[in-house]
Structures are given as C-alpha cells and as structure tokens.
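Topology and contacts: notes
Residues per chain are reported as follows:
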Amino acid sequence: MSDLQGITASIQAALIMIFSILLSISYWQISLFLKTYTIRQEAISQFERNQQLQDYLVNIEQQYTELRRFKHDYQNILLSLESFAEKGDQQQFKAYYQELLAQRPIQSEIQGAVIAQLDYLKNDPIRGLVIQKFLAAKQADVTLKFEMTEPIELPTANLLTVIRVIGILLDNAIEQAVQETDKLVSCAFLQSEGLIEITIENMASQVKDIQAFSELGYSTKGAGRGTGLANVQDLIAKQTNLFLETQIENRKLRQTLMITEEI
C-alpha cells in the first residue's frame with residue numbers, strides 16, 4: 001500500500017503515531033466517562049439512601065409524638081376509671097365504658113404505632129421506604145399491614161434494586177386496593193437459611209390473566225399505565241439472586257420477591 005500510494009516510511013510512521021495518539025485519547029475519554037458515570041450513580045444512590053433515612057427519622061419522630069399522646073390519653077382514661085371505681089357507681093362506670101368503646105380512641109392511636117414492628121428491619125433504606133408507603137397508604141385510606149416475627153437483614157449487594165422492586169409492588173398494591181371494597185394490603189417478611197421472602201398481597205378483582213399481568217402496558221387503571229411491573233421484570237432479570245412469583249387465588253393477588261444468597 002505504501003508503494004502504491006507513494007507514502008514514505010516517515011509519513012507512514014507519523015500516521016501510525018497520530019492514530020495511536022487518537023486511540024489513546026479516545027480510550028482515556030471513555031474511561032473518564034465511565035468513571036464519572038459510576039461516581040454520579042453512586043452519588044445518586046447515596047442521596048436516595050440519605051433521603052430515605054431522613055424521611056424515616058422524621059416519621060419516627062412523628063410516631064413517637066403519637067405514642068406520647070396516646071400514653072397521656074391512656075393515663076387520663078385510667079384516672080377517670082379510677083374515680084368511678086372509688087365511688088362504686090357501676091352504672092356510670094358501664095356508661096363511660098360504652099362511650100369509650102364507641103369512640104375507640106385507643107385503637108385509632110395504636111394503629112398509628114404499627115410502625116414500631118418495623119424495628120425488625122435492619123436496613124435503614126428499606127425501613128424508610130416501607131414507612132413512606134405506610135403513610136402513603138394511610139392518606140389513600142388503605143390499610144397497609146406488615147408482618148414479621150424476627151429481625152430481617154437484606155444483602156447490601158443489590159439493595160437499591162430490591163428497594164425499587166418493593167417500591168413498585170407496594171405502589172401498585174395500594175393503587176389497586178383503592179379501587180376495591182377491601183382496602184387492605186399485606187406485606188410479610190420471612191427469612192430462612194439462605195432465603196428472604198417478601199410477600200405482598202391485596203385484593204385484585206379485576207386481574208384475570210397472570211401471563212398478561214407483567215407485560216408492558218398492562219394495567220387495570222387505564223391507558224398509559226402499567227409500566228411498573230414490566231420494570232420489575234427488567235430489574236429482576238438483571239440479577240442472579242432475585243426471583244418473583246405471582247399468584248392469583250380467590251380474587252387476591254399475591255406477589256413474592258425471593259432473595260437468595262449470592263453464590
């Protein structure tokens with residue numbers, strides 16, 4: 001080629017050197033871009049974790065205030081009952097007791113303190129997330145019930161992915177429960193050797209087809225919705241230790257996220 005084009009060895013060496021320099025610069029730029037992108041993603045992830053932790057601390061303070069108010073009310077109730085007991089007026093005691101049952105002040109306050117059970121969750125970002133969803137469900141007039149009987153600690157390797165998946169599943173369950181007569185969403189955490197299961201269950205009378213349920217665009221809430229579950233499938237497909245099981249039984253939708261130990 002050099003002989004045909006009349007390119008001397010000096011020119012050829014210069015071209016090779018220029019090409020090598022350009023290739024090195026391109027490699028450096030790509031490396032710099034990847035490094036910058038990784039740092040940016042880590043910064044975003046850290047910001048989200050800090051924000052969730054901050055929201056968690058704020059919500060815990062609110063719950064602590066509610067518990068203090070409940071304690072104060074409870075003491076007042078005991079004092080009032082004590083006065084009836086001292087007088088021995090059973091008729092007034094019964095009337096006052098029936099009035100307490102009708103107002104149910106204690107139960108309404110204890111429902112606000114259900115978050116105390118979430119102390120079992122040892123990952124602050126997860127705990128912050130479920131507290132946010134608990135309060136969001138409360139605003140939507142949906143009861144979000146958590147079930148766990150022992151400390152649960154999720155692996156930190158892909159914790160952000162797990163947070164995104166749980167967030168989408170809880171959002172969908174709450175939105176679906178708003179449309180149902182039974183406005184209850186249950187979220188159970190179960191840990192066994194090498195496996196953590198997070199099961200979210202809610203009434204879903206409009207869901208008929210499990211196969212189409214996870215497809216992009218499928219939604220019972222109208223057109224332009226239904227991308228959340230497709231995103232869940234995409235997120236799980238990229239992880240080797242995440243699995244999702246979906247069941248419909250007696251008009252109830254049950255989705256279980258299974259997290260196994262990394263091999």
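Data block above holds the structure.
What this report covers is the structure whose coordinates are included nearby. All values reported here derive from a predicted model rather than from experimental measurement. (Residues numbered from 1 in each chain as written. Predicted model: local features only at pLDDT ≥ 70, side-chain atom pairs only at ≥ 80, totals over all residues. Heavy atoms only, no water.)

Here we come to the pattern of salt bridges. On inspection of all chains with the given rule, the structure shows three salt bridges. The salt bridge involving Asp171 is made with Lys133; its shortest N-O contact spans 2.8 Å. With a gap of 38 residues between them, Asp171 in helix H6 (residues 159–178) and Lys133 in helix H5 (residues 124–139) connect regions that are remote in the sequence. The exposure class of Asp171 is partly exposed, given its relative accessible area of 31%. The salt bridge partner of Glu201 is Arg254, with a shortest N-O separation of 2.8 Å. A residue pair is termed long-range when its members are at least 10 positions apart, and Glu201 in strand E3 (residues 195–203) and Arg254 in strand E5 (residues 252–260) qualify at 53 residues. (Salt bridge = Lys/Arg side-chain N within 4 Å of Asp/Glu carboxyl O. Helix = DSSP H or I, 4+ residues; strand = E, 2+ residues; numbered from the N terminus. Buried < 20%, exposed > 50% of the residue type's maximum accessible area, 1.4 Å probe, protein only.)

Spanning 16 residues, H5 covers 23 Å between terminal C-alpha atoms, matching the ideal 22 Å at 1.5 Å per step. Within the span of H5, buried status applies to Pro125, Ile126, Arg127, Gly128, Leu129, Val130, Ile131, Lys133, Phe134, Leu135 and Ala137. Within two residues after H5, Asp141 carries a phi angle of roughly 65 degrees, on the positive side. (Expected span 1.5 Å × (residues − 1).)

So, about the packing of H5 against H6. H6 packs onto H5 with a crossing angle of 10 degrees between their chain directions and a minimal axis gap of 10 Å. The orientation of H5 relative to H6 falls into the category roughly parallel. Along this stretch, H5 crosses H6, giving a crossing that reads as right-handed. Counting all contacts with H5, which are made through Pro125, Ile126, Leu129, Val130, Lys133 and Ala137, the residues of H6 involved are Leu159, Val162, Ile163, Ile166, Gly167, Leu170, Asp171 and Ile174. (Axes fitted to C-alpha atoms, helices over the stretch in contact; angles between N-to-C directions. Parallel < 35°, antiparallel > 145°, perpendicular 65-115°, else oblique. Left-handed = near helix turned anticlockwise from the far one by under 90°. Contact = heavy atoms within 4.5 Å.)

Here we take up the pairing of E3. In terms of burial, E3 is a largely internal element, seven of the nine residues being buried. Between strand E2 (residues 184–192) and E3, which pair antiparallel one after the other, the connecting turn spans two residues, and Gly194 there sits at a positive phi close to 75 degrees. Two strands pair when backbone bridges link them, and E3 and E5 are joined in this way by nine bridges, in the antiparallel orientation. From the neighbouring strand, Ile196 faces E5, where its bridge partner is Ile259. (Pairing = 2+ DSSP bridges.)

Our next topic: the sheet that holds strand E1 (residues 143–147). Hydrogen bonding along the main chain pairs the strands of a sheet, whether they run parallel or antiparallel. Strand order in the open sheet made by the five strands is E1-E2-E3-E5-E4, with mixed pairing throughout. Looking at strand neighbours, the two that pair on one side only are E1 and strand E4 (242–249), the edges of this open sheet. Adjacent strand axes in the sheet meet at a mean angle of 15 degrees, parallel and antiparallel pairs treated alike. Of the pairings in the sheet, the one linking E1 to E2 comprises five bridges and is parallel in character. Bridge pairing in E2 places Leu144 opposite Val185. Contacting E1 and E2, H5 crosses the sheet at an angle of about 150 degrees to E1. Docked against the sheet, H6 engages E1, E2, E3, E4 and E5, running at close to 20 degrees with respect to E3.

This brings us to unusual backbone geometry. Of note, Asp141 is a non-glycine position whose phi angle comes to about 65 degrees, a positive value. Considering the arrangement of structural elements, one finds Asp141 in the loop between H5 and E1. On the basis of relative accessibility, which here comes to 59%, the residue Asp141 falls in the exposed class. For Arg251, which is not a glycine, the phi torsion comes out positive at approximately 65 degrees. On the secondary structure map, Arg251 appears in the loop between E4 and E5. Owing to a relative accessible area of 53%, Arg251 belongs among the exposed residues under this scheme.

The next thing to look at is the packing of aromatic side chains. One pass over the full model with this rule turns up one aromatic pair. Here Phe33 and Tyr37 contribute two aromatic rings whose centre-to-centre distance is 6.4 Å and whose plane-to-plane angle is 25 degrees, an arrangement assigned as stacked. Here the residue Phe33 and the residue Tyr37 both occupy positions in helix H2 (residues 9–87), the gap between them amounting to four residues, near one helical turn. (Phe/Tyr/Trp six-rings, centres within 6.5 Å; stacked < 30°, edge-to-face > 60°.)

Moving on: a nonpolar patch on the surface. A contiguous nonpolar surface patch, about 900 Å² in accessible area, is contributed by Ile11, Leu15, Met17, Ile18, Ile21, Leu22, Ile25, Trp28 and Leu32. Within the secondary structure, Leu15 is located in helix H2. The exposure class assigned to Leu15 is partly exposed, which follows from its relative accessible area of 49%. (Patch = residues over 30% accessible without salt bridge, like charges linked within 9 Å, V, L, I, M, F, W, Y side chains within 5 Å. Areas by Shrake-Rupley, 256 points an atom, 1.4 Å probe, with all protein chains shown as cover.)

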